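Given next are the chains, with one letter for each unit.
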Amino acid sequence: MSLICKCYDETETLCNCLQTDYHFEYTECDSSGSRWRVAVPNPSVECSGLPDPVKGKECTFSCASGEYLEMKNQVCSKCAEGTYSLGSGIKFDEWDELPAGFSNPTAATSKNFCFSSWTPRGNYIESNRDDCTVSLIYAVHLKKSGSVFFEYQYIDNNIFFEFFIQNDQCKEMESTADKWVKLTDNGEWGSHSVTLKSGSNILYWRTTGILMGSKVVKPVLVKNITIEGVAYTSECFACKPGTFSDKPGSSGCQVCPRNTYSEKGAKECTKCKEEMYYSDEGSSVCIERPPCTNKDFFQIHTPCDKEGKTQIMYKWIEPKICREDLPDALTLPPSGERKDCPPCNPGFYNNASSSCTPCPPGTFSDGTQECRACPAGTEPALGFEYKWWNILPGNMKTSCFNVGNSKCDGMNGWEVAGDHIQSGAGGSDNDYLILNLHIPGFKPPTSVTGATGSELGRITFIFETICSADCVLYFMADVNRKNTNVVESWERSKEKQSYTHIISKNASFTFTWAFQRINEGQDSRQFINDMAKIYSITVTNAVDGVASSCRACALGSEQSGSSCVPCPTGHYIEKETSQCQECPDNTFLSIHQVYGREACIPCGPGSKSTKDHSACFSDCLVSYIKDNQTLNYDFSNLSQVGSLMSGPSFTSRGTKFFHFFNISLCGNEGKKMAICTDNITDVTLKDMVAESEDFSNFVGAFVCQSTIIPSDSKGFRTALALQSNSLADRFLGTWFVLFTFLLLFDVRSSTVTTSCENGRATVVTMRCNPNKPDQGELSVPSSCPAGTCDGCTFYFVWESAEACPLCTEQDYHEIEGACKKGFQETLYVWNEPKHCIKGVPLPEKRTSTCETVDFWLKVGAGVGAFTAVLLIALTCYFWKKNQKLEYKYSKLVMTANSKECELPAADSCAIMEGEDNEEEIVYSNKQSLLGKLKSLATKTPPLLRQTQGL
């Protein structure tokens, strides 16, 4: 330490600085690009007499790789042995702890309870495994433009991985416009590099887990972060433990081989005492060898020898780390007895040798017999069927991979075992044991070359897993060697079962099975007996495949023997003539069966076949008879893709997400117009359509679904889409239910999963609603807000005026107007409530001639007046006559009853002609006019009644 001199008076005097009391630094560059070298005291040192500032190197100066800038003389010097330098860069390859300059803030809030972060794992750093957002941040100031480079593993699309750069104003740089990092294949390290501008750069590695189910996401791994563009490096970096540098001026360090070790800054590696200790590649210590156990060896089946025999043998797991000379140590068991080799796989034959050979083109074999030519009128059914496992087939390979070490590099990940192939021992329990099968392409049989159905082939395998820990078996597919996606996975022990994956396009496929015993960062062999077994793998319609059987094909019309010819699209093979015949209307050709009329499958109700008979679809025109009335529907205006966003829903951590659906209901000549894709905000729809054949996350179907994460849910700038999949790629038909104005469209997806053994089905209910014009409204049942309650059957309701039946003559009635000036108008109006659209239009207003109301009114008034006068006259006449008769009768009665005098009987009661009424008689009870008329018509005169009584 430097000596601080203090005087005994009231002042203090500092001693002159020694060379060890200070170090040199450069000042910030000025506007002319110049800077100064100044001496700066070391921390906790106080001294005087520092060297004067001198002009420094230009701001853009840097040393070459393997050199550093010696600040005292401002010259570049080579790094010593055991150290290295990148010249103008820095490298972070040790992750035992977080390196200086990095920050790892947690994203904990009162809402999401996230406390996860990036975790150093020695050779790499690991992201979170939960439903949280975590960031790894590093700030660097560059004197000149440079770059950042890092290696990573990113295999799970349930976690978002983004790398972006901000300046000191927290604005993202243009160089990180494409900030989403691409997925990598299982077990492989990818690399990512971005250009850096001069000035301040803040680097962000950010991951966000999305847990839509119970599965834990696979973390992102990052290592070897290298930043170029630092103006100078004033010191060299010591090699990390497990590496060494044996030459001056090194730009990097080498890894120590197995059974050697090194400490930090080593010039060479030190050997372990192999009899007692061992070490893996890149080790910093030697480990004592334990006694051998049954976890240190495994069994194999030897290849067939010249006598056609095989046997079980046992081998040590390499590298061998145990000792056989210790107490209780096991030795290798003896080899098993020699047995007959299993037969060749179908499509192969044994040509009197120890190996199986593929049958020549045009021939077939079941594996036990020699290859034979296919009979006339047939062709080989090409494919692969592996059910005997004596050696690994030529188009398969196996490997072992561990993200944290290289223990299992070069090992076989899987071992053949006679009637099955099983996962191997590996180097540790967290190894990925990988089995690959490469198929160069798929094509349908010759007779259906033009088929454009949704299935070109399929791969089926029978498997089981036997596990005591949290093992996982992944089945993955790579298309055109661009990206590997997980198709399905199985956790823990699974009984023997079959799984089928449909191939829908002709491309080069690599299928991968990856088995991992535990997903933890520990190098142990506790679960070596946990394994996966595959009993058989069958691939149909494979390019360059072999044949185990023959199938019927079409013959040329020129009868050229057994030569097969391709049938035109939509044609089947007639059994009797072996000629091509077109499928009938409204049927489609099965991709599995092309022989016989039964190969043409009828379309469902309300659907028709495409022109090439490859599929069925709805042409938007539907008819239905109800109560002797034909209802016609036209959904043409709904043929465009309809969209629905349901939700929001929330994960267990509170992440908000939506279910987004696209529905292509009808029309478009059967084309699947509904498009869904992952990361829809980063890839335009135009680009997706143009590159749909190669875009692995692109889905085209009648109905498809994506999960949308809004931008405000995880702090993204834009919304994200993931888990895009098809819900319907086959149209089944249209059905009517009992409810009024209600139709059901049923479509189905051929995608089979472990939870949906029969694929997914989608039901679209069309409901007439005149109050919702145009596209109307799409909705899902309230009981199943995600559109499904079981994950296999989806239900949608489409309400629209376009879902109403077409109008007919029975949907309107007529109204007749009044006759005016000899003309009458007839109007037509719709019945209320109106439940129809388009169809028959309302007739135009009709005008017809008529007699006016004034004429008939006058005629009626005249006739009425005449009738009234006539009735009055008749009434008066009969009334007067009746009064006279009553008077005569009264006098006659009075005379007959008189005792004082008797008069002679009257000759008549009537009034004689010319005789006048002598008295005027008045009665108080007068009848009404109508009453009198009635009495005159019905009443018998009193005299007549009396006469009748006599």
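Residues numbered from 1 in each chain as written. Predicted model: local features only at pLDDT ≥ 70, side-chain atom pairs only at ≥ 80, totals over all residues. Heavy atoms only, no water.

- The name given to the protein chain in an unreviewed UniProt entry is MRH domain-containing protein, with Athene cunicularia as the source organism.
- Heading Sequence similarities (unreviewed entry) of the UniProt record for the protein chain holds this comment: "Belongs to the ELAPOR family." (UniProt positions renumbered as here; feature names shortened; annotations may be inferred.)

**Some remarks on the pattern of salt bridges**
- If you walk through the whole model with that rule in mind, you get 16 salt bridges.
- The residue Asp325 makes a salt bridge to Arg323 at a minimum N-O spacing of 3.1 Å.
- Its relative accessible area of 56% is what places Asp325 among the exposed residues.
- Taking relative accessible area as the criterion, Arg323 reaches 16% and is therefore assigned buried.
- Ionic pairing is found between Arg551 and Glu379, a salt bridge with its closest N-O pair at 4.0 Å. Taken together, the residues span a long stretch of sequence, with Arg551 in strand S43 (residues 546-552) and Glu379 in strand S32 (residues 378-386) at a distance of 172 residues.
- By relative accessible area, which is 7% here, Glu379 ends up buried. (Salt bridge = Lys/Arg side-chain N within 4 Å of Asp/Glu carboxyl O. Buried < 20%, exposed > 50% of the residue type's maximum accessible area, 1.4 Å probe, protein only. Helix = DSSP H or I, 4+ residues; strand = E, 2+ residues; numbered from the N terminus.)

**Focus: the confidence of the model for the protein chain**
- Residues at a pLDDT of 70 or more form 81% of the protein chain, whose mean pLDDT is 79.
- For residues 1-11, every residue scores under 50 in pLDDT, and the model assigns this stretch 12 contacts once sequence neighbours within four places are set aside.
- Of the regions scoring below 50 in pLDDT, residues 680-695 engages in 22 contacts with residues more than four places distant in sequence or in other chains. (pLDDT = per-residue confidence, 0-100. Contact = heavy atoms within 4.5 Å.)

**Some remarks on the sheet that holds strand S38 (residues 472-479)**
- In spatial order, the strands read S33-S36-S41-S38-S39; together these 5 strands make up an open sheet with antiparallel pairing. This sheet does not close on itself; its edge strands, each paired only once, are strand S33 (396-401) and strand S39 (484-491). Taking each pair of neighbouring strands and ignoring which way they run, the sheet shows an average axis angle of 20 degrees.
- Judged from the 6 bridges that link them, S33 and strand S36 (residues 432-439) form a sheet pairing that is antiparallel. Within S36, the residue paired with Thr398 across the bridge is Leu435. (Pairing = 2+ DSSP bridges. Axes fitted to C-alpha atoms, helices over the stretch in contact; angles between N-to-C directions.)

**Topic: the side chain of Ser614**
- Note on placement: Ser614 falls in the loop between strand S50 (608-609) and strand S51 (616-617).
- Take Ser614: its relative accessible area is 16%, and that puts it in the buried class.
- Here the side chain of Ser614 touches Asp612 through a polar contact of 2.7 Å, side chain to side chain. (Polar contact = N/O pair within 3.5 Å; in protein donor to acceptor, adjacent residues only side chain to side chain.)

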